[in-house]
Amino acid sequence: MKILITGGSRGIGRVCVELFAKNGHQVAFFYKTREDKAASLSESTGAEAIRCDVTSPDSVRAAVARAAVALGGIDVLINNAGISGFAFFDSITDDEWREMIDTDLSGAFYVSREAVKHMLSQKSGVIINVGSMWGKVGASCEVHYSAAKAGLRGMTLALAKEIGPSGIRVNCIEPGVIDTEMNARLSEDDMAALCADTPLCRIGTPLDVAELAYFLASEKASFITGQIIGVDGGFAI
Ligand code: NAI
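These numbers come from a predicted model, not from an experiment. (Residues numbered from 1 in each chain as written. Predicted model: local features only at pLDDT ≥ 70, side-chain atom pairs only at ≥ 80, totals over all residues. Heavy atoms only, no water.)

A. Quick look at the packing of helix H4 (residues 94-122) against helix H6 (residues 143-163). Taken N-terminus to C-terminus, the directions of H4 and H6 make an angle of 20°; their axes are 8 Å apart at the nearest point. Judged by the inter-axis angle, H4 sits roughly parallel to H6. The interaxial crossing formed by H4 with H6 has right-handed handedness. Along the contact surface, H4 presents Glu96, Trp97, Met100, Ile101, Asp104, Leu105, Ala108, Phe109, Ser112 and Val116, while H6 presents Val143, His144, Tyr145, Ala147, Ala148, Lys149, Gly151, Leu152, Met155 and Ile163. A class-by-class count of the residues in the contact of H4 with H6 yields 14 nonpolar, 3 polar and 3 charged. (Axes fitted to C-alpha atoms, helices over the stretch in contact; angles between N-to-C directions. Helix = DSSP H or I, 4+ residues; strand = E, 2+ residues; numbered from the N terminus. Parallel < 35°, antiparallel > 145°, perpendicular 65-115°, else oblique. Left-handed = near helix turned anticlockwise from the far one by under 90°. Contact = heavy atoms within 4.5 Å. Nonpolar A, V, L, I, M, F, W, Y, C, P; charged D, E, K, R; others polar.)

Structural data, given as structure tokens:
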């Protein structure tokens, strides 16, 4: 398969790149700034590293076109790039709100809109959006993040209906607390409390998420579309 992964230079995206590449698939990934990390990942996996800011439609257009040429098409898109934020609701600035929506929701829209063109022409494809359990249950002091991720739910459902007849499946993974740089601001006590609130009593790993993405991308999931699936140890039950 030919896979495009956004936000691939670290965290969940990086492990997705490694998992698909290790299993013999052709992979291209987008990175925003960390050229050093992107280059080392490209070297160790053979994946194509492409610089792209998903908040910029122009950057996305050029980068998806480059990925399609490098891969010879696009079979699977994983919309993984994202940022998080923590602020009291009434102190979220206009810029913070816009940056969150632009990255976590509009970014997936821009990249999907370009990638879908390639999938429509081949009448097959898979889109996997990486949402968050906070898009399902809401997080205090993360209204902008929760709103953006809830938007991804709606986009997943609507797009699955619209392009299912063209042989394209669209699903959304909602991770719980995963051990990546995104949670670096949390203290050990915070992490212990989140762990205690998780029925399976542990923090998730990027591989927990990547394994589900791998399954959803595969033919084994060929009758699964429009689904929102948690990888959260039961946190958001
Ligand atoms: P991370 O912070 O390690 O990685 C995020 C990636 O997105 C980075 O590679 C970053 O460069 C990229 N990115 C951010 N803004 C971008 C932009 N404008 N253009 C292109 N790339 C951009 O975080 P992690 O944990 O690997 O997150 C991956 C996804 O999983 C995100 O969508 C996040 O919201 C979601 N998630 C993570 C959870 C966690 O506990 N770590 C929980 C629930 C969801």
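From this point, things continue past the structure.
B. The site of the ligand, seen in detail. Taken together, 27 residues surround the ligand, and among them Arg10, Asn80, Tyr145, Thr180 and Asn183 come closest. Between Asn80 and the ligand, the recorded distance is 2.8 Å, taken from a backbone N or O atom to an oxygen atom. Within the contact set of the ligand, an oxygen atom lies 2.5 Å away from a side-chain nitrogen or oxygen of Thr180. For the ligand, the accessible surface in isolation is 830 Å², of which the surrounding protein chains cover 96%. Secondary structure elements with two or more residues in the shell around the ligand: helix H1 (11-22) and H6. (Near = heavy atom within 4 Å. Polar contact = N/O pair within 3.5 Å; in protein donor to acceptor, adjacent residues only side chain to side chain. Areas by Shrake-Rupley, 256 points an atom, 1.4 Å probe, with all protein chains shown as cover.)

C. The packing of aromatic side chains, seen in detail. Throughout the structure, instances matching the rule amount to 3 aromatic pairs. For the ring pair Trp134 and Phe235, a centre distance of 5.5 Å and an interplane angle of 80° mean the geometry is edge-to-face. Taken as a pair, Trp134 in helix H5 (residues 134-137) and Phe235 in the segment after strand E7 (228-231) lie far apart in primary sequence, 101 residues in all. Here Trp134 and Phe235 have matching classes, each one buried. (Phe/Tyr/Trp six-rings, centres within 6.5 Å; stacked < 30°, edge-to-face > 60°. Buried < 20%, exposed > 50% of the residue type's maximum accessible area, 1.4 Å probe, protein only.)

D. Expanded view of a nonpolar patch on the surface. Together, Phe89, Trp97 and Val143 give the surface a local cluster of nonpolar side chains, amounting to about 300 Å² of exposed area. For Val143, the location among the structural elements is in helix H6. For Val143, a relative accessible area of 32% corresponds to the partly exposed category. (Patch = residues over 30% accessible without salt bridge, like charges linked within 9 Å, V, L, I, M, F, W, Y side chains within 5 Å. Salt bridge = Lys/Arg side-chain N within 4 Å of Asp/Glu carboxyl O.)

E. Here's a closer look at the pairing of strand E5 (residues 125-130). Burial of E5 is extensive: 6 of the 6 residues sit out of reach of the surface. Because side chains alternate across E5, one face comprises the buried residues Gly125, Ile127 and Asn129, and the other comprises Val126, Ile128 and Val130, equally buried. In this sheet, E5 lies alongside strand E4 (residues 76-79) in parallel orientation, the contact comprising 4 bridges. Across the sheet, residue Asn79 finds its bridge partner in E5, namely Asn129. On the question of chirality, the crossover connecting E4 to the parallel E5 by way of H4 is right-handed. With 6 bridges joining them, E5 and strand E6 (residues 168-175) adopt parallel strand pairing. In the strand pairing of E6, Val126 is matched with Arg169. (Pairing = 2+ DSSP bridges. Right-handed = clockwise from strand over helix to strand, strands pointing away.)

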